[in-house]
Amino acid sequence: MKQSIRDKLDHLTGRLEEVDLLLASGDTARDMEQFRKLSRERAEIEPVVALFAAFRKAEGDLSEAEGMLADALSDPDMKDFAEEEMKAAKARLPELETELQKLLLPKDPNDERNVILEIRAGTGGEESALFAGSLARMYTRYAERQRWQVEVMSASESDLGGYKEIIARIVGFGAYSKLKFESGGHRVQRVPETEAQGRIHTSACTVAVMPEADELQEIQINAADLRVDTFRASGAGGQHINKTDSAVRLTHLPTGIVVECQDGRSQHQNKAQAMRVLAARINDAQLRAAQAKEAAHRKSLIGSGDRSERIRTYNFPQGRVTDHRINLTLYKIDAIMDGDMEELITALTTEHQAEQLAALADE
C-alpha cells in the first residue's frame, strides 16, 4: 500500500476517535445540528476505519506466519500450517487494499438525488422521434425495475407517436448514481416503420441526465432574471382542448436557457414544473463547466457529460448494443430496450471507478 494512502487511513482512524469523544461530550448533545453533522461524519468514516483494521490484522497475520515459518523448518506439520496462513494472508491483503481504495474515492454529492431526464430527437426526422419514444420507454422500464417513480413533466409528440422532446422526473434514492453516464448521443440503426423498401436507416437522439436541484440548495434564481410567457397548451386533437393560457415558457436571461411546460393541469403547476427543470439545467451547466475544467487536467472517458459525444449505438438488425466509451457490445438489444440495463450501467460504473483508482494511485 502506498504511504500516502496509509497516511490518509491513519488520519481517518484518529479522526474517528476525535468524533467519538465529541459525540460523548455534553456540549455536542445540546447542539442538535452539530450532533447530526458529527453523526453523519462518523457513519462515513467508521466503515473505512473498520476495513483498515482488518487490513492491518491481515498484515499482522502475514508477519506472524512468516515468523512461524522461520521457526518451523524442522517441523513439517508446523511448516505446512505456516505456509497456509501466509498464503491466506497474501491473498486477502490485495482484496482489502482495493476495497479501501474504493472507499477513499471522492463521493459524488449528487449520487443520491432524483433525476431530470431529457430526450430530444435529432437527425433522422420521424424515425428519430420514434427512437426517442423507445428510449423513453427503456428508461421508464428500468426505473420500474428499481422501484422508482417516473413523472412526465413535458412532452412534444410527433405525428407517428414518438417524441420530438420529452422531459421526465425520475424519483428514487440513488437515481443519479445509476443514470448519470447516460448523457450523450444515442444512435439507432434499424429499418423504420415508414420504410417500404426494408432499408436500414441511421438516426440519433440526445439524452441529458441532470441531478434534480435541491429546493433549498445554492441554485437561487432571481425573479428579475426571468422572463415568463404564458400561452395556450397545444394538446393532441380531440382531447381536452385547453381554452386558457396554462402553458408556461421560462427564459433565464443570464444564461439564455429556455424551458417550456404545458402538460400540467394549471398555469401554477406548469410554472412549478418549469422552475424545477430550469434549476436542474442551471445546476447541470455549472457541473459540466467544472467537469470540463477537470478534463483539461485529466481526460475521463466516462464522466465527460458531453452532449455532442456519440456514446452508444443500438443496432437492431444485428441485435446488439455497443457503448463506444468502454468498447462494450451486448447482444441482447430486446432485453435492454425493455429496461434490462443493469449490465451496461454496472460496466460503466466499474470503468469510472477504475479511472478514479488510477488517478488516486498517481497522486
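Heads up: the structure comes first, above all this text.
Here is what the cut-offs are and how they apply
- Residues numbered from 1 in each chain as written.
- Predicted model: local features only at pLDDT ≥ 70, side-chain atom pairs only at ≥ 80, totals over all residues.
- Heavy atoms only, no water.
- Helix = DSSP H or I, 4+ residues; strand = E, 2+ residues; numbered from the N terminus.
- Contact = heavy atoms within 4.5 Å.
- Areas by Shrake-Rupley, 256 points an atom, 1.4 Å probe, with all protein chains shown as cover.
- Salt bridge = Lys/Arg side-chain N within 4 Å of Asp/Glu carboxyl O.
- Buried < 20%, exposed > 50% of the residue type's maximum accessible area, 1.4 Å probe, protein only.
- Phe/Tyr/Trp six-rings, centres within 6.5 Å; stacked < 30°, edge-to-face > 60°.
- Lys NZ or Arg CZ within 6 Å of the ring centre and 35° of its normal.
- Patch = residues over 30% accessible without salt bridge, like charges linked within 9 Å, V, L, I, M, F, W, Y side chains within 5 Å.
- Lys, Arg positive; Asp, Glu negative; His and termini not counted.
- Charge placed at Lys NZ, Arg CZ, Asp CG, Glu CD.
- Core = buried A, V, L, I, M, F, W, Y, C linked by side-chain atoms within 4.5 Å.
- Pairing = 2+ DSSP bridges.
- Axes fitted to C-alpha atoms, helices over the stretch in contact; angles between N-to-C directions.
- Expected span 1.5 Å × (residues − 1).

Visitor: Looking at this structure, how should I read the overall build of the protein chain?
Guide: Assigned secondary structure in the protein chain consists of nine helices and eleven strands. Long-range pairs, those at least 24 residues apart, make up 62% of the contacts in the protein chain between residues at least 6 apart in sequence. For the protein chain, the accessible surface area stands at approximately 20100 Å², while carbon and sulfur atoms represent 50% of it.

Visitor: For this particular structure, what's the right way to read the pattern of salt bridges?
Guide: Side-chain pairing between opposite charges can occur once the charged atoms of the two side chains come close. Counting across every chain of the model gives 31 salt bridges. With a shortest N-O distance of 3.0 Å, Glu-83 and Lys-79 are connected by a salt bridge. Of this pair, Glu-83 and Lys-79 both sit in helix H4 (residues 76-104), four residues apart, which is roughly one turn of the helix. By relative accessible area, Glu-83 is classed as partly exposed at 35%. A salt bridge links Arg-227 to Asp-229, with the nearest nitrogen and oxygen atoms 3.4 Å apart. The partly exposed category is assigned to Arg-227, whose relative accessible area is 42%. One network of salt bridges, in which partners are shared, links Arg-137, Arg-141, Glu-144, Arg-145 and Asp-338.

Visitor: Whenever I open this one, the packing of aromatic side chains confuses me. Can you help?
Guide: In this description, an aromatic ring pair is defined by two values, namely the gap between the centres and the angle between the planes. Scanning all chains against the criterion turns up three aromatic pairs. Looking at Arg-190, its charged tip hangs above the ring of Phe-316, at a distance of 5.1 Å from the centre.

Visitor: Teacher, can you tell me more about a negative patch on the surface here?
Guide: Residues Glu-64, Asp-75, Asp-77, Asp-80, Glu-84 and Glu-85 make up a contiguous surface patch of negative charge. Here the negative patch takes four residues from H4, the largest share from any one element. Its place among the elements puts Glu-84 in helix H4.

Visitor: Even after reading the chapter, I still don't get the nonpolar core, so can you show me in this structure?
Guide: Most often, soluble globular proteins have nonpolar side chains that are buried together. Among the nonpolar cores identified, the biggest contains 32 residues, and Ile-119, Leu-135, Tyr-139 and Tyr-314 are the most heavily contacted of them. Mapped by element, the contributors of at least two residues to this core are strand E1 (115-121), helix H5 (125-145), strand E3 (163-171), helix H6 (175-179), strand E5 (201-211), helix H8 (333-337) and helix H9 (342-362). Among the elements that line this core, the one with the most residues is H5, at eight residues. Ignoring any residue separated from it by four or fewer positions in sequence, one finds Tyr-139 in contact with Leu-117, Ile-119, Leu-179, Glu-182, His-186, Val-207, Arg-312 and Met-341.

Visitor: Help me understand the sheet that holds strand E6 (residues 226-231), please; the structure alone is not making it clear to me.
Guide: Sheet strands associate in pairs through backbone hydrogen bonding, adopting either a parallel or an antiparallel arrangement. Overall, antiparallel pairing links the three strands, which are arranged E6-E7-E8 in an open sheet. On the outer flanks of this sheet lie E6 and strand E8 (257-261), each paired with one strand and no other. Shown here is a sheet whose adjacent strand axes are inclined to one another by a mean of 15°, direction ignored. As defined by bridge partners, E6 adjoins strand E7 (residues 247-252) across six bridges and the pair is classed as antiparallel. Paired with Thr-230 across the two strands is Val-248, which belongs to E7.

Visitor: What is the right way to read the pairing of E7 from this model?
Guide: In summary, the side chains of a regular strand alternate between the two faces of the sheet. Counting buried positions over the six residues of E7 gives five, a clear majority of the element. With five bridges joining them, E7 and E8 adopt antiparallel strand pairing. In the strand pairing of E8, His-252 is matched with Ile-257. The turn linking E7 back onto E8 is made up of four residues, and Gly-256 within it adopts a positive phi angle of 80°.

Visitor: What's the story with H5 in this structure? I'm lost.
Guide: The terminal C-alpha atoms of H5, which comprises 21 residues, lie 31 Å apart, in line with the 30 Å expected from a rise of 1.5 Å per residue. Among the residues trailing H5, Arg-147 stands out with phi positive, at a value near 65°.

Visitor: Is there a simple way to think about the environment of Leu-22 in this case?
Guide: Considering the arrangement of structural elements, one finds Leu-22 in helix H1 (residues 3-24). The class for Leu-22 is partly exposed, based on a relative accessible area of 34%. Note: C-alpha distance between Leu-22 and Phe-35 (13 residues apart in sequence) is 8.7 Å.

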